[in-house]
Amino acid sequence: MVGMTESTAQQKRDEARAERRAARLARQITAFAATHGGSAEAVVEYIGARGSRIVLVGADGGWGDLVAPTPAIADAAVARAGVTVHEDFEGEFAGRLRTGPYEWTRMAGLQIGGPANT
């Protein structure tokens, strides 16, 4: 990298790494959509120093989540995957989510004799 300063070279490496992470997340989002009725919608929530959580709800009501290391990578991933992104996890969007027995036992866990929350 002739003529580049060390910081410029590092910045280019960081940008390339972020692009690869966004592409990997986009592939995972697309695979989730294909598995859950052919489409998915998302909400991106900032979770502090850990980055951003991408919550996905498929056309069949199945749900899943992914964590991106930064909000910018999360935004790039959902844009690249082409899913509808909601501002909040509320209303009709949240109403489409379907939970199963596993989630109910984990949510109530110790109170109703389900598995321990460990």
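In case you missed it, the structure is sitting above this.
Nothing here was measured: the structure is a model prediction, and the numbers come from that model. (Residues numbered from 1 in each chain as written. Predicted model: local features only at pLDDT ≥ 70, side-chain atom pairs only at ≥ 80, totals over all residues. Heavy atoms only, no water.)

Description of the nonpolar core
- One finds Ile 29, Ile 54, Leu 56, Val 78 and Val 83 to be the most contacted residues of the largest nonpolar core, which totals 19 residues.
- The element best represented in this core is helix H1 (residues 6-35), accounting for six residues.
- Once residues lying within four places of it in the same chain are set aside, the contact partners of Ile 29 are Ile 54, Leu 56, Leu 66, Ala 77, Val 78, Ala 81 and Val 83.
- Listed in part, the five residues of the second largest apolar core include Val 43, Val 57, Phe 93 and Leu 97. (Core = buried A, V, L, I, M, F, W, Y, C linked by side-chain atoms within 4.5 Å. Buried < 20%, exposed > 50% of the residue type's maximum accessible area, 1.4 Å probe, protein only. Helix = DSSP H or I, 4+ residues; strand = E, 2+ residues; numbered from the N terminus. Contact = heavy atoms within 4.5 Å.)

Some words on the pairing of strand E2 (residues 52-58)
- Among the seven residues that make up E2, six are buried, leaving the element largely enclosed by the rest of the structure.
- As judged from the seven bridges shared by strand E1 (residues 40-46) and E2, these two strands associate in the antiparallel manner. Considered in E2, the bridge of Val 44 is made with Ile 54.
- Here six bridges tie E2 to strand E3 (residues 63-68), and the two strands are oriented antiparallel to one another. Counted as the bridge partner of Ser 52 is Ala 68 from E3.
- Counting the residues in the hairpin turn of E2 and E3 gives four residues, including Gly 61, whose phi is positive at 90 degrees. (Pairing = 2+ DSSP bridges.)

Brief notes about the packing of H1 against helix H2 (residues 71-81)
- Interaxial distance between H1 and H2 falls to 8 Å at its minimum, and their mutual angle equals 50 degrees. Considering their axes alone, H1 and H2 lie oblique with respect to each other. The crossing of H1 and H2 is right-handed. Packed against H1, whose contacting residues are Ala 18, Glu 19, Arg 21, Ala 22, Ala 23, Leu 25, Ala 26, Ile 29 and Thr 30, the element H2 presents Ile 73, Ala 76, Ala 77, Val 78, Arg 80 and Ala 81 at the interface. (Axes fitted to C-alpha atoms, helices over the stretch in contact; angles between N-to-C directions. Parallel < 35°, antiparallel > 145°, perpendicular 65-115°, else oblique. Left-handed = near helix turned anticlockwise from the far one by under 90°.)

Here's the deal with the side chain of His 36
- As for its placement among the helices and strands, His 36 is situated in the loop between H1 and E1.
- Taking relative accessible area as the criterion, His 36 reaches 19% and is therefore assigned buried.
- Among the polar contacts made by the side chain of His 36, one reaches the side chain of Asp 60 at a distance of 3.2 Å. (Polar contact = N/O pair within 3.5 Å; in protein donor to acceptor, adjacent residues only side chain to side chain.)

Re the pattern of salt bridges
- Under the counting rule described, the total for this entry stands at six salt bridges.
- In this structure, Asp 65 and Arg 53 form a salt bridge, with 2.6 Å as the shortest nitrogen-oxygen distance. Here Asp 65, found in strand E3, pairs with Arg 53, found in strand E2; they are twelve residues apart in sequence, far enough to count as distant.
- Across the salt bridge formed by Arg 96 and Glu 92, the nearest N and O atoms sit 3.2 Å from each other. (Salt bridge = Lys/Arg side-chain N within 4 Å of Asp/Glu carboxyl O.)

Here we look at the pairing of E1
- If you look at the hairpin formed by E1 and E2, you'll find five residues sitting between the two strands, and Gly 48 has a positive phi there, around 85 degrees.
- In this sheet, strand E4 (residues 84-86) lies alongside E1 in parallel orientation, the contact comprising three bridges. Residue pairing in the sheet places Val 43 in a bridge with His 86 of E4.

Re the sheet that holds E3
- The sheet built from four strands is open, its strands ordered E3-E2-E1-E4 with mixed pairing. Because the sheet does not close on itself, it has two edges, and the strands there are E3 and E4. Pairwise comparison of adjacent strand axes, ignoring direction, gives a mean angle of 30 degrees for this sheet.
- Of the strands in this sheet, E1, E2 and E3 are in contact with H1, which crosses E3 at around 180 degrees.

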